[in-house]
Amino acid sequence: MGFGVFIHRSDSIYDDSPAERYQFPSQYLGRVQACIGDWIIYYEPRKVAETRGYFAIAKVSQVIPDPKAPGMYIALIEPGTYLDFINPVPFSNADGVIERGVLNDEGRISGRAQSAVRPISPADFNRIVSLGVDEIESELPRVGEPEVISLVRGFGDGGQSPFIFEQERDRVTQLSSRIVRNRLFRRLVLQAYDKRCAVTGLKLIIGGGRAEVDAAHIRPVEANGPDILSNGIALSGTAHWMFDRGLISLSDDLDILVSRQVNDPESIGALINNTGRAIVPHRAFEKPHRHFLKWHRENCFKS
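Thresholds, definitions, all that
Residues numbered from 1 in each chain as written. Predicted model: local features only at pLDDT ≥ 70, side-chain atom pairs only at ≥ 80, totals over all residues. Heavy atoms only, no water. Helix = DSSP H or I, 4+ residues; strand = E, 2+ residues; numbered from the N terminus. Buried < 20%, exposed > 50% of the residue type's maximum accessible area, 1.4 Å probe, protein only. Contact = heavy atoms within 4.5 Å. Phe/Tyr/Trp six-rings, centres within 6.5 Å; stacked < 30°, edge-to-face > 60°. Lys NZ or Arg CZ within 6 Å of the ring centre and 35° of its normal. Expected span 1.5 Å × (residues − 1). Polar contact = N/O pair within 3.5 Å; in protein donor to acceptor, adjacent residues only side chain to side chain. pLDDT = per-residue confidence, 0-100. Core = buried A, V, L, I, M, F, W, Y, C linked by side-chain atoms within 4.5 Å. Salt bridge = Lys/Arg side-chain N within 4 Å of Asp/Glu carboxyl O. Pairing = 2+ DSSP bridges.

## Notes on the overall build of the protein
Reasoning step 1: In terms of helices and strands, the protein carries seven helices and 15 strands.
Reasoning step 2: When each of the 303 residues of the protein is scored for burial, the buried share is 49%.
Reasoning step 3: Long-range pairs, those at least 24 residues apart, make up 65% of the contacts in the protein with a sequence separation of at least 6.

## A word on the packing of aromatic side chains
Reasoning step 1: Tallied over the entire structure, the rule returns ten aromatic pairs.
Reasoning step 2: Both rings, one in Phe 24 and one in Tyr 73, keep their centres 5.9 Å apart while their planes meet at 20 degrees; by these two values the pair is stacked. Placement of the pair is Phe 24 in strand β2 (residues 21–25) and Tyr 73 in strand β5 (residues 72–77), with a sequence separation of 49 residues.
Reasoning step 3: Accessibility expressed as a relative area gives 22% for Tyr 73, which makes it partly exposed.
Reasoning step 4: Connected via pairs of aromatic rings, a cluster forms that spans Phe 6, Tyr 22, Phe 24, Tyr 42, Phe 55, Tyr 73 and Tyr 82.
Reasoning step 5: Its end group placed over the ring of Phe 55, Arg 52 keeps NZ or CZ at 3.9 Å from the ring centre.
Reasoning step 6: Positioned above the aromatic ring of Phe 285 is the side chain of Arg 52, whose terminal nitrogen or guanidinium carbon lies 4.0 Å from the ring centre.

## Concerning unusual backbone geometry
Reasoning step 1: Non-glycine residue Asp 194 carries a positive phi angle of around 55 degrees.
Reasoning step 2: Note that Asp 194 resides in the loop between α4 (178–192) and β10 (205–206).
Reasoning step 3: Even without being a glycine, Asn 224 presents a positive backbone phi close to 65 degrees.
Reasoning step 4: Inspection of the secondary structure assignment puts Asn 224 in the loop between β12 (214–217) and β13 (232–235).
Reasoning step 5: Using a relative accessible area of 55% as the deciding quantity, one classes Asn 224 as exposed.

## Description of α4
Reasoning step 1: In this model, α4 (15 residues) spans 21 Å end to end at C-alpha, consistent with the 21 Å of a helix rising 1.5 Å per residue.
Reasoning step 2: Extensive coverage of α4 is indicated by the burial of eleven of its 15 residues.
Reasoning step 3: Turning to α4, its buried residues number three or more, namely Val 180, Arg 181, Arg 183, Leu 184, Phe 185, Arg 186, Arg 187, Leu 188, Val 189, Leu 190 and Ala 192.
Reasoning step 4: Among the residues of α4, the N-terminal cap falls to Ser 177, whose side-chain oxygen and the backbone nitrogen of Ile 179 are separated by 3.3 Å.

## So, the confidence of the model for the protein
Close reading of the predicted structure is inappropriate where its pLDDT is low.
Reasoning step 1: Here the protein averages 87 in pLDDT, and 88% of its residues register 70 or above.
Reasoning step 2: Confidence drops under a pLDDT of 50 for residues 146–165, and excluding neighbours within four residues, the segment shows 36 contacts in the predicted structure.

## Overview of the environment of Asp 214
Reasoning step 1: Within the secondary structure, Asp 214 sits in strand β12.
Reasoning step 2: Judged by relative accessible area, which is 9%, Asp 214 ranks as buried.
Reasoning step 3: Distance from Asp 214 to Ala 239, taken between C-alpha atoms, is 9.3 Å for residues 25 residues apart in sequence.

## Topic: the nonpolar core
Reasoning step 1: One finds Phe 6, Ile 41, Tyr 42 and Phe 85 to be the most contacted residues of the largest nonpolar core, which totals 79 residues.
Reasoning step 2: Setting aside chain neighbours within four positions, we find Phe 85 in contact with Ile 41, Tyr 54, Phe 55, Ala 56, Ile 57, Ile 128, Val 129, Gly 132, Val 133 and Leu 188.

## Focus on the environment of Val 258
Reasoning step 1: Looking at the secondary structure, you find Val 258 in strand β15 (residues 256–258).
Reasoning step 2: Val 258 gets classed as partly exposed once you look at its relative accessible area, which sits at 31%.
Reasoning step 3: Along the sequence, Val 258 and Met 242 sit 16 residues apart, while their C-alpha atoms lie 9.4 Å from each other.
Reasoning step 4: In this view, Val 258 contacts Leu 247, Ile 248, Ile 268, Ile 272 and Phe 301; residues no more than four positions away in its chain are not counted.

## Section: the pattern of salt bridges
Reasoning step 1: Under the definition given, this model contains twelve salt bridges.
Reasoning step 2: Across the pair Arg 21 and Glu 20 runs a salt bridge whose closest N-O atoms are separated by 4.0 Å.
Reasoning step 3: Looking at Glu 20, the relative accessible area reads 25%, which means it is partly exposed.
Reasoning step 4: For Asp 227, the salt bridge identified is with Arg 178, shortest N-O distance 2.8 Å. You can see Asp 227 sitting in the loop between β12 and β13 and its partner Arg 178 sitting in helix α4, a full 49 residues away along the chain.

## Observations regarding the pairing of β2
Reasoning step 1: Of all the five residues making up β2, four are buried; the element is thus mostly covered by neighbouring parts of the structure.
Reasoning step 2: Here β2 runs beside β5; their pairing, made up of five bridges, is antiparallel. Bridging across to β5, Gln 23 finds its partner in Ile 74.

Here it is as structure tokens:
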């Protein structure tokens, strides 16, 4: 087993769904198989417009031949392991290339940087994940929610001793914690939605900069909903309550749907922003994905 980097483009020709599966040709079979049972980092190459760089981690559970495409394979992602970074990590910064393993003996970028699948050292893995999940300012929870102590921050602090393999394992164990993942997911969603409720359009900031908005999973964690931004939506407390109970939902075109079973449709209609559509981020990968919206309509919405 070993850590790896998987290249994924938002405009990919491959049948990818990063939180669920990664499609690849046979030439990378050995490298992907080496990652089975271990963690990988997703990377979007620099030639992609508005690239996210290194943008998420996930754990590979198994590799199977693609039943729909001869010569292709699928790496299945272990449910509950995908996690978007709150900070996209660039290929390089002021200190140079972040993934040092792509450099040759002369310190220049080698052909390894072009590989769609490549192994990555524990030190490089730690460096990238540290930058990706570092919370410069912690996002305060909503009123009434318990504040939690960061289990992640501090791994990249200057006083930390050099990492060894076992410490890398400790890091990913911490990133498997539901408490940590909920906090990072909240931060991610609130950043993307500018702390504004997608249904009401309200952006309410109360004492200490605390946002009165929730980061809701469209497909719940309890139903194997992943911690990917496209499975998230920012909702005020009331809107979140209605969404979870199937009183409202969204169409594939983001029209706000109101259940015919509600007892006070006029009042609910008054809560909805005047466009009648969810207010979502502009970039495609940040918007609610149709795959998750369909699941919500079919499994939660009381049409």
